[in-house]
Every structure is written in structure tokens, then in C-alpha cells.
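Per-entry structural report
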Amino acid sequence: MHNNTLTSGKVSGLALAITLFFAHNAFSQSLSGYYSIGGEQSDFPTFRSAIHKLDSFGISGPVVFKVKDGVYYESDTIRSVKGTSETNTILFQSDSRDSSMVVLEWNSQKSGNWNLWLNRAGFITFKNIGFRQLFDGGKQNVHLINCHNIAFENCLFEGSNMVMDGALLTGTVDSNLTVTNCTFQYARQGIDLHGGAK
């Protein structure tokens, strides 16, 4: 009787350990494939949560984030993502394919001076995404630091309609920046970019 109880306890403990092991692996797995952003039924509720997963675990194949319509009030930073390459790319794309319906919005008077900061990131595309700056003194939607292979397609860049000063896409690029069919409004200058420091 005593031995049966002890054996049962060992089996239960082993089962718990196996469950925790697989749960940990499922959570810490690198990303590959299609994911959704926005709302309770999505893989990630916000851009920030998706970016955190990229930053923590990287990717093991091409990744596409389909973003549901909405205004996402956040200021985010994307650093170099482990696993990115010419074949393992990252795409953030509006699910409705309308840049006025998926907007990354921020008031830089609170903190930071950008909606999105890309720091040495590469092989990332933003498609049909809107960037909106609310602060009258805000000057940037997206700021790049020594990035490469970055693309913006059919995106909307908006400064504050009260000041209309500054530039909306700024920073330094090492190589291969593509800006296609994008709209820039409420700013003195749409793009102010320079070559990165080697």
C-alpha cells in the first residue's frame, strides 16, 4: 500500500514535469508562419506584444503579422531579430489592406519622439499601416538606426495637423530602404534619411 502511494506520487510528479516542459517549449518557440494582431481572439493583442516575442525568441521562417483594424496607441522599438534573412523575412500588414484603418498612434509629449524605432533591424516590411503623431511638437513617425532591407508599402505617415513641422521618416540606413506608394502629410518634410555609420 505504501509503495503504491509512493509510485503514484512519482508518476504524478513526472507527468507534471513533462507538461511544464512542453508548455515552456510552446511558449518560447521561435516564430514562423502567419499570426494575427489586435483584439482578444488574436495571437497578439498589440504590436508591442508581438515585437516582444520577436525580440525574445526570434524567427525560424518567414513571418506575417496580419493586423486587425484599430488604433494602436503605443510607441515601440524593434531591434535586430534573430533568424532574419533574405528568405526569413517579417511582414506587418493591415488585414483590411487599408492604411487608414490600422494606425499606430502616439503622443510623444509623454515619452519618446516616435511611433516606431527600428534599431539595426533588417528584412522587415510594413504594408498598409498608418503612423500618426499626436503631439504638436512631435517630429517623427518612424526613426531608423543603421537598418537594412526595410520596406514601407502603401503606408500613411501623419504628423500633427497643428504644427506641420519636422520629418516623418528619419534616421540612418545601411542599405536597401524601399518606400512605395506611401502618403506623407502634416509635416515640413516627409523623409530625412542618411547613410549609416560603418
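The rules behind the values
- Residues numbered from 1 in each chain as written.
- Predicted model: local features only at pLDDT ≥ 70, side-chain atom pairs only at ≥ 80, totals over all residues.
- Heavy atoms only, no water.
- Phe/Tyr/Trp six-rings, centres within 6.5 Å; stacked < 30°, edge-to-face > 60°.
- Helix = DSSP H or I, 4+ residues; strand = E, 2+ residues; numbered from the N terminus.
- Buried < 20%, exposed > 50% of the residue type's maximum accessible area, 1.4 Å probe, protein only.
- Contact = heavy atoms within 4.5 Å.
- Core = buried A, V, L, I, M, F, W, Y, C linked by side-chain atoms within 4.5 Å.
- Pairing = 2+ DSSP bridges.
- Right-handed = clockwise from strand over helix to strand, strands pointing away.

With respect to the packing of aromatic side chains
One pass over the full model with this rule turns up 15 aromatic pairs. Ring centres of Phe65 and Phe92 lie 4.8 Å apart, and the angle between their planes is 20°; this geometry places the pair in the stacked category. With a gap of 27 residues between them, Phe65 in strand 2 (residues 59-67) and Phe92 in strand 5 (residues 90-94) connect regions that are remote in the sequence. A relative accessible area of 0% places Phe65 in the buried class. Residues Phe131 and Phe157 carry aromatic rings whose centres are separated by 5.2 Å and whose planes lie at 25° to one another, so their mutual orientation is stacked. Of the two residues, Phe131 is situated in strand 9 (residues 130-133) and Phe157 in strand 11 (residues 156-158); the sequence distance between them amounts to 26 residues. By the burial criterion, Phe131 is buried, and Phe157 matches it. Through a chain of ring-to-ring contacts, the aromatic side chains of Tyr35, Phe44, Phe47, Phe65, Tyr72, Phe92, Phe126, Phe131, Phe152, Phe157 and Phe184 assemble into a single cluster.

Things to note about unusual backbone geometry
Residue Phe123 is not a glycine yet carries a positive backbone phi of 60°. Tracing the backbone through its elements, the reader meets Phe123 in strand 8 (residues 122-127). Using a relative accessible area of 17% as the deciding quantity, one classes Phe123 as buried. Of note, Asn146 is a non-glycine position whose phi angle comes to about 45°, a positive value. As for its placement among the helices and strands, Asn146 is situated in strand 10 (residues 142-153). Accessibility expressed as a relative area gives 8% for Asn146, which makes it buried.

Brief notes about the environment of Thr183
Inspection of the secondary structure puts Thr183 in strand 13 (residues 183-185). For the pair Thr183 and Glu153, spaced 30 residues apart in sequence, the C-alpha to C-alpha distance is 9.8 Å. The residues touching Thr183, leaving out its near neighbours within four places in the chain, are Cys155, Leu156 and Phe157.

Some words on the nonpolar core
Of all hydrophobic cores here, the largest spans 37 residues; its most connected members are Phe65, Ile78, Phe92, Phe126, Phe131 and Phe152. Per element, the largest residue contribution to this core is 5 residues, and it comes from strand 10.

Section: the pairing of strand 2
With 6 bridges joining them, strand 1 (residues 31-37) and strand 2 adopt parallel strand pairing. Bridged to Gly33 within strand 2 is Val63. Each parallel crossover has a hand, and for strand 1 linked through helix 2 (residues 47-57) to strand 2 it is right-handed. With 5 bridges connecting them, strand 2 and strand 5 associate as parallel partners. By the bridge assignment for strand 5, Val64 is matched with Leu91.

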